[in-house]
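Here is how the chains run, residue by residue.
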Amino acid sequence: MTRALVVYAHPCEESFASALKGVVVNTLEGRGWNVDLCDLYAEGFDPVMSAEERRGYHAIPSNTLPVQAHVDRLLAASALVFVHPVWNFGPPAILKGYYDRVFVPGISFRLDNGKVKPAMTHIRKLGVVTTYGASWLRATLAGDPPKRLVTRAFRHAAKPDRLLYMALYDMNRADQAKRARYLARVEQGMEQF
């Protein structure tokens, strides 16, 4: 059985992101997957790395102690899906803090003679379901940092068999029909994930 960690980042339960989270979780569970939903806001995840954490960042294995429960959830998964909006050409701050505090040396990467080597190779499927206020063109002209982070850095860290990046651009002008089509596309994507 595939075990998926779905990391969700949006503070409002009535948001479109929440509807996307529901489609992701329900579709994966419908396929018989074991889904661990990590709702960062609901769980009160602290995105702030302390000075002590930063000083011990490279001290394996003690570098995971402040976020050990989240590290354990990540290590138990073979699929990882992020569901979040893109704000100011980046993920919500709480999710960026999750990346910084959980994806530490020994967990997502290791250093071998100063070179970064993958350490998250237990993740066989890596996915993102997101929305942008910006159009595809504006996001592309800005370099699309969220997409590059996942398709380059996280892809290198995990070496997954399957990578899925699904984005609804120009969300601010998306009518109900466009949103409904995206929800259906996400469901289909998760069916094939």
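See above for the structure.
Quick summary incoming for the structure in this document.

Scoring rules and cut-offs
- Residues numbered from 1 in each chain as written.
- Predicted model: local features only at pLDDT ≥ 70, side-chain atom pairs only at ≥ 80, totals over all residues.
- Heavy atoms only, no water.
- Helix = DSSP H or I, 4+ residues; strand = E, 2+ residues; numbered from the N terminus.
- Buried < 20%, exposed > 50% of the residue type's maximum accessible area, 1.4 Å probe, protein only.
- Core = buried A, V, L, I, M, F, W, Y, C linked by side-chain atoms within 4.5 Å.
- Contact = heavy atoms within 4.5 Å.
- Phe/Tyr/Trp six-rings, centres within 6.5 Å; stacked < 30°, edge-to-face > 60°.
- Arc of directions from axis to C-beta.

## Here's the deal with unusual backbone geometry
Now for step 1: Looking along the chain, the bond that leaves Ile60 and enters Pro61 is cis, with omega of 5°.
Now for step 2: Residue position: Pro61 is located in the loop between α2 (51-55) and α3 (68-76).
Now for step 3: Within the chain, Asn88 stands out as a residue other than glycine whose phi angle is a positive 50°.
Now for step 4: Looking at where Asn88 falls in the secondary structure, it is placed in the loop between β3 (79-86) and α4 (93-102).
Now for step 5: Of note, Asn113 is a non-glycine position whose phi angle comes to about 55°, a positive value.
Now for step 6: By relative accessible area, which is 79% here, Asn113 ends up exposed.

## Brief notes about the nonpolar core
Now for step 1: By size, the foremost hydrophobic cluster in this structure holds 37 residues, and its most contacted members are Val7, Leu40, Leu74, Leu80, Phe82, Tyr98 and Phe103.
Now for step 2: Those elements giving two or more residues to this core turn out to be β1 (3-8), α3, β3, α4, β6 (125-132), α6 (145-158) and β7 (162-168).
Now for step 3: With five residues, α4 is the largest single contributor of residues to this core.
Now for step 4: Not counting residues up to four positions away in its chain, the partners in contact with Phe103 are Tyr57, Leu74, Leu80, Phe82, Tyr98, Ser108, Phe109, Met120 and Phe154.

## A closer look at the packing of aromatic side chains
The description of two aromatic rings rests on the distance between their centres and on the angle between their planes.
Now for step 1: Counted according to the given criterion, the structure contains 11 aromatic pairs.
Now for step 2: Ring centres of Trp33 and Phe193 lie 6.0 Å apart, and the angle between their planes is 40°; this geometry places the pair in the tilted category. Taken together, the positions of Trp33 in the loop between α1 (16-30) and β2 (34-39) and Phe193 in the segment after α7 (176-192) put the pair 160 residues apart, joining distant regions of the chain. For the pair Trp33 and Phe193, a shared accessibility class is recorded, and that class is buried.
Now for step 3: Through a chain of ring-to-ring contacts, three or more aromatic side chains come together here, namely Phe45, Phe82, Tyr98, Tyr99, Phe103 and Phe154.

## Regarding α3
Now for step 1: Looking only at α3, the buried set comprises His70, Val71, Arg73 and Leu74. Buried residues of α3 fall within an arc of 160° about the axis and therefore sit on the same side.
Now for step 2: In the core, the buried residues of α3 are packed alongside β1, β2, β3 and α4.

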